[in-house]
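Fold and geometry: a report
Okay, here's what each chain looks like letter by letter:
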Amino acid sequence: MYRTPPPVGSVRPLTEANEAIRALVESRADEAWPADEYETLLLQWAAAVRGEVAEAA
């Protein structure tokens, strides 16, 4: 799992992006919400979705 955004030009696999988001949500149940980290993960997830859609086409 990436602790920082992946290197420029690479896309995190969709399953890995989903796992990272789940892990973040589960680990922060009783703590302050890390909005910046969550936004970064969502951007990585969106890039992975776009990559898989392009491969399917």
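In case you missed it, the structure is sitting above this.
Residues numbered from 1 in each chain as written. Predicted model: local features only at pLDDT ≥ 70, side-chain atom pairs only at ≥ 80, totals over all residues. Heavy atoms only, no water.

The number of helices and strands found in the protein is two helices and zero strands. Relative to its 57 residues, the protein shows a buried fraction of 19%. Looking at the protein alone, contacts between residues at least 24 apart form 47% of all its contacts between residues at least 6 apart. Of the roughly 4,300 Å² that the protein leaves accessible, carbon and sulfur atoms contribute 56%. (Helix = DSSP H or I, 4+ residues; strand = E, 2+ residues; numbered from the N terminus. Buried < 20%, exposed > 50% of the residue type's maximum accessible area, 1.4 Å probe, protein only. Contact = heavy atoms within 4.5 Å. Areas by Shrake-Rupley, 256 points an atom, 1.4 Å probe, with all protein chains shown as cover.)

The next point concerns helix α1 (residues 14-27). Taking 1.5 Å of rise per residue, the 14 residues of α1 would be expected to cover 20 Å, and the 20 Å separating its terminal C-alpha atoms lies within 8% of that figure. Those residues of α1 lying buried are L14, A17, A20, I21 and L24. Down the axis of α1, the buried set is contained in an arc of 125 degrees. They therefore lie on one face. Counted as exposed and oriented over 90 degrees from the buried face of α1: T15, E19, R22 and E26. (Expected span 1.5 Å × (residues − 1). Arc of directions from axis to C-beta.)

Take the pattern of salt bridges next. Here the structure, examined in full by the defined rule, presents one salt bridge. The closest approach of N and O atoms between R28 and E37, which form a salt bridge, is 4.0 Å. According to the relative accessible area criterion, E37 is partly exposed, its value standing at 34%. (Salt bridge = Lys/Arg side-chain N within 4 Å of Asp/Glu carboxyl O.)

With respect to the helices and strands, the residue T40 is situated in helix α2 (residues 35-56). Given the relative accessible area of 29%, T40 is considered partly exposed. Sequence separation of T40 and I21 is 19 residues, and the distance between their C-alpha atoms is 9.8 Å.

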